[in-house]
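# Reading the structure
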Amino acid sequence: MRAVTWQGKRDVRVENVPDPTIQEPTDAVIRITSTGLCGSDLHLYEVLTPFMTPGDILGHEPMGIVEEVGAGVPDLQAGDRVVVPFQIACGNCWMCLTGLPTQCETTQVSGEGMGAALFGYTRLYGAVPGAQAEYLRVPQAQFGPIKVPEGPPDDRFVYLSDVLPTAWQAVAYADVPQGGSVAVLGLGPIGDMACRVAQLRGAGRVFGVDRVPERLRRARARGVETYDLRSFDDEKELVAAIRDETDGRGPDAVIDAVGTEAHGSAAARMVQHAASILPRKLSGPLAERFSVDRLTALHTAIDLVRRGGTLSLSGVYGGLADPLPLLTLFDKQIQIRMGQANVRRWSDDIIPYLTDEDPLGVEDFATHRLPLSEAPHAYEIFQHKQDGAVKVLMQP
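Within an unreviewed UniProt entry, the label attached to the protein chain reads Glutathione-dependent formaldehyde dehydrogenase, and the organism entered is Streptomyces violaceus. The record in UniProt for the protein chain states the following under Cofactor (unreviewed entry): "Zn(2+)". The record held by UniProt for the protein chain lists under Sequence similarities (unreviewed entry) the comment "Belongs to the zinc-containing alcohol dehydrogenase family."

What follows is the structure, given as structure tokens:
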């Protein structure tokens, strides 16, 4: 089959690789009909390269048609249309039953000290072949895949794999009071959808911050009060402007949908770049012990949120040596929640909104639909924010 493989920093290629097969009774194999390009994939493209191996198959946002199932998968059969969550979880362990499938005790990558295995996401998360491919082996298929009806286009459902539950969890963790205020830093796919979910769940005012014109226009068209970072001399001015709109306090909650690749922090960027170009025997241990993030967005969030408010972190961070302003966090009595989205925890809450009325705007959410063969181009325009690329779907 054809699949998108990682070959090095900013080097992805579409290559022929072996077809997946059933290896365990709880496996399924699906033929992928749509697969997304996620902001987290860009971390592999640029920052998390020390944890990658040439030939790794990328991607974790698929949907498709079941081709084959193992004997331990009673509720799926060939021909079923399914969305596959990005994490691999059993559904039966204590963590899964508690609503935390990202911490699944059956698939935890304990050798790396990490949580549940993820599709296409470094050796830290199990080095599981990913979903930017023609076919995908799905472990723990007795729990993971979400059956969806025939008829509507893939765009109606494909975001159940990641974007929708990640945005939904970000808003749930933000704990925005009914009629309250929330600021979303970063209006890429997750931040954009988080704004929509916050409005749907009763936020009174939603502030959106970015520096990319296309992203700002998309959010503004849906009633978000947008702020262009380029209009301010620094983050302090931005914080003051939003505080002025919230009685001088700041919003009740702030969602950081940016993560490790925030603009700014030249020193941290230099460390990330150095780790990515060192020989693999050196870069891995260095990244595991001394990795740092560009924390501009997080520091802005801490400054912006009102005292006693909540920070919800959905942007991916990977640093183990990040300095944090604990005095400020403690003094402002800020609550912080974070983590990978627990897809099956939220999917049943989301599905009722994936109707013909489309209140979340999923059917026109993608800005680009490209064949899988154009994956290198897709990564390039998405990373450089070219051609209005906000969300890219690929079809094998």
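### A word on the overall build of the protein chain
Within the protein chain one finds 12 helices and 16 strands. Taken against the 2.2 N^0.38 rule, which gives 21 Å for 396 residues, the C-alpha radius of gyration of the protein chain at 20 Å falls within 12% of a compact globule. Principal-axis analysis of the C-alpha atoms places the extent of the protein chain at approximately 60 × 50 × 45 Å. Looking at the protein chain as a whole, 56% of its 396 residues qualify as buried.

### Here we look at helix 5 (residues 213-221)
Those residues of helix 5 that fall on the buried side of the exposure criterion are Arg-215, Leu-216, Arg-218 and Ala-219. Buried positions in helix 5, seen along its axis, are confined to an arc of 160° and lie on one side of it. Looking at the packing, one finds that the buried side of helix 5 touches helix 4 (189-200), strand 10 (205-210), strand 11 (225-228) and helix 12 (375-383). Two residues or fewer past helix 5, Gly-223 is found with a positive phi of approximately 90°.

### Considering the sheet that holds strand 9 (residues 181-185)
In space, the six strands of this open sheet follow the order 11-10-9-12-13-14, with parallel pairing throughout. Taken across any chain shown, the strands that pair with only one partner, and hence form the sheet edges, are strand 11 and strand 14 (335-338). Strand-to-strand twist across the sheet, computed as the mean angle between neighbouring axes with direction ignored, equals 20°. Two elements, strand 9 and strand 10, share five bridges in a ladder whose sense is parallel. In the strand pairing of strand 10, Ala-183 is matched with Phe-207.

### Details of the sheet that holds strand 4 (residues 56-57)
Spatially, the three strands line up as an open sheet ordered 2-1-4, and their pairing is antiparallel. The two strands at the open ends of the sheet, each matched to only one other strand, are strand 2 (11-16) and strand 4.

### A word on the UniProt feature "domain: Alcohol dehydrogenase-like N-terminal" (unreviewed entry) in the protein chain
With numbering matched to this structure, UniProt assigns "domain: Alcohol dehydrogenase-like N-terminal" (unreviewed entry) to residues 25-146. Helix makes up 10% of residues 25-146 and strand 23%. Its end C-alpha atoms lie 18 Å apart.

### Observations concerning the packing of helix 3 (residues 163-174) against helix 11 (residues 343-350)
The N-to-C vectors of helix 3 and helix 11 enclose an angle of 90°; their axes lie 9 Å apart at closest approach. Of the possible angle classes, the one that applies to helix 3 and helix 11 is roughly perpendicular. Only Val-343, Trp-346, Asp-349 and Ile-350 of helix 11 make contact with helix 3, whose side of the interface consists of Leu-164, Pro-165, Trp-168, Gln-169, Ala-172 and Tyr-173. Residue classes in the contact of helix 3 with helix 11 are distributed as eight nonpolar, one polar and one charged.

### Here's the deal with a negative patch on the surface
Together, Asp-233, Asp-234, Glu-235 and Glu-237 make up a region of like negative charge exposed at the surface. By the secondary structure assignment, Glu-237 is in helix 6 (residues 235-244).

### Structural notes on the packing of aromatic side chains
Per the stated rule, a full pass over the model turns up six aromatic pairs. Following the ring pairs from residue to residue traces out a cluster consisting of Phe-207, Tyr-227 and Phe-232. Positioned above the aromatic ring of Phe-365, the side-chain terminus of Arg-218 is 5.0 Å from the ring centre. Between Arg-345 and the ring centre of Trp-346, over which it is positioned, the NZ or CZ distance is 4.0 Å.

### Focus on the nonpolar core
Grouped burial of nonpolar side chains is what soluble globular proteins tend to show. Of all hydrophobic cores here, the largest spans 71 residues; its most connected members are Tyr-159, Leu-164 and Met-193. Looking at this core element by element, the count peaks at nine residues for helix 3. Within the second largest apolar cluster, 20 residues are counted, among which are Val-209, Tyr-227, Leu-238 and Leu-329.

### Quick word on the pattern of salt bridges
In total, this model carries 22 salt bridges according to the counting rule given. Across the pair Asp-11 and Arg-13 runs a salt bridge whose closest N-O atoms are separated by 2.7 Å. You can call Asp-11 partly exposed: its relative accessible area is 22%. The residue Arg-196 makes a salt bridge to Asp-192 at a minimum N-O spacing of 2.9 Å.

### Some remarks on the packing of helix 3 against helix 4
Two numbers describe a pair of packed helices, the interaxial angle and the distance between the axes. In contact at an axis separation of 8 Å, helix 3 and helix 4 are set at 55° when each is read in the N-to-C sense. As judged from the angle between their axes, helix 3 and helix 4 are oblique. Relative to helix 4, the crossing made by helix 3 is right-handed. Listed contacts from helix 4 to Val-163, Leu-164, Thr-166, Ala-167, Trp-168 and Val-171 of helix 3 are Pro-189, Ile-190, Met-193, Ala-194, Val-197, Ala-198 and Leu-200. A class-by-class count of the residues in the contact of helix 3 with helix 4 yields 12 nonpolar, one polar and no charged.

### Some thoughts on the side chain of Asp-41
Note on placement: Asp-41 falls in helix 1 (residues 39-46). Buried and unpaired, Asp-41 has Lys-391 as its nearest opposite-charge partner, separated by 6.8 Å. Of note is the side chain of Asp-41, whose polar atom sits 3.4 Å from the side chain of His-60. Setting aside residues no more than four positions away along its own chain, Asp-41 makes contact with Gly-36, Gly-59, His-60, Gln-132 and Tyr-379.

What counts, and where the lines are drawn
- Residues numbered from 1 in each chain as written.
- Predicted model: local features only at pLDDT ≥ 70, side-chain atom pairs only at ≥ 80, totals over all residues.
- Heavy atoms only, no water.
- UniProt positions renumbered as here; feature names shortened; annotations may be inferred.
- Helix = DSSP H or I, 4+ residues; strand = E, 2+ residues; numbered from the N terminus.
- Rg over C-alpha atoms; globule rule 2.2 N^0.38 Å.
- Buried < 20%, exposed > 50% of the residue type's maximum accessible area, 1.4 Å probe, protein only.
- Arc of directions from axis to C-beta.
- Contact = heavy atoms within 4.5 Å.
- Pairing = 2+ DSSP bridges.
- Axes fitted to C-alpha atoms, helices over the stretch in contact; angles between N-to-C directions.
- Parallel < 35°, antiparallel > 145°, perpendicular 65-115°, else oblique.
- Nonpolar A, V, L, I, M, F, W, Y, C, P; charged D, E, K, R; others polar.
- Patch = residues over 30% accessible without salt bridge, like charges linked within 9 Å, V, L, I, M, F, W, Y side chains within 5 Å.
- Areas by Shrake-Rupley, 256 points an atom, 1.4 Å probe, with all protein chains shown as cover.
- Salt bridge = Lys/Arg side-chain N within 4 Å of Asp/Glu carboxyl O.
- Lys, Arg positive; Asp, Glu negative; His and termini not counted.
- Charge placed at Lys NZ, Arg CZ, Asp CG, Glu CD.
- Phe/Tyr/Trp six-rings, centres within 6.5 Å; stacked < 30°, edge-to-face > 60°.
- Lys NZ or Arg CZ within 6 Å of the ring centre and 35° of its normal.
- Core = buried A, V, L, I, M, F, W, Y, C linked by side-chain atoms within 4.5 Å.
- Left-handed = near helix turned anticlockwise from the far one by under 90°.
- Polar contact = N/O pair within 3.5 Å; in protein donor to acceptor, adjacent residues only side chain to side chain.

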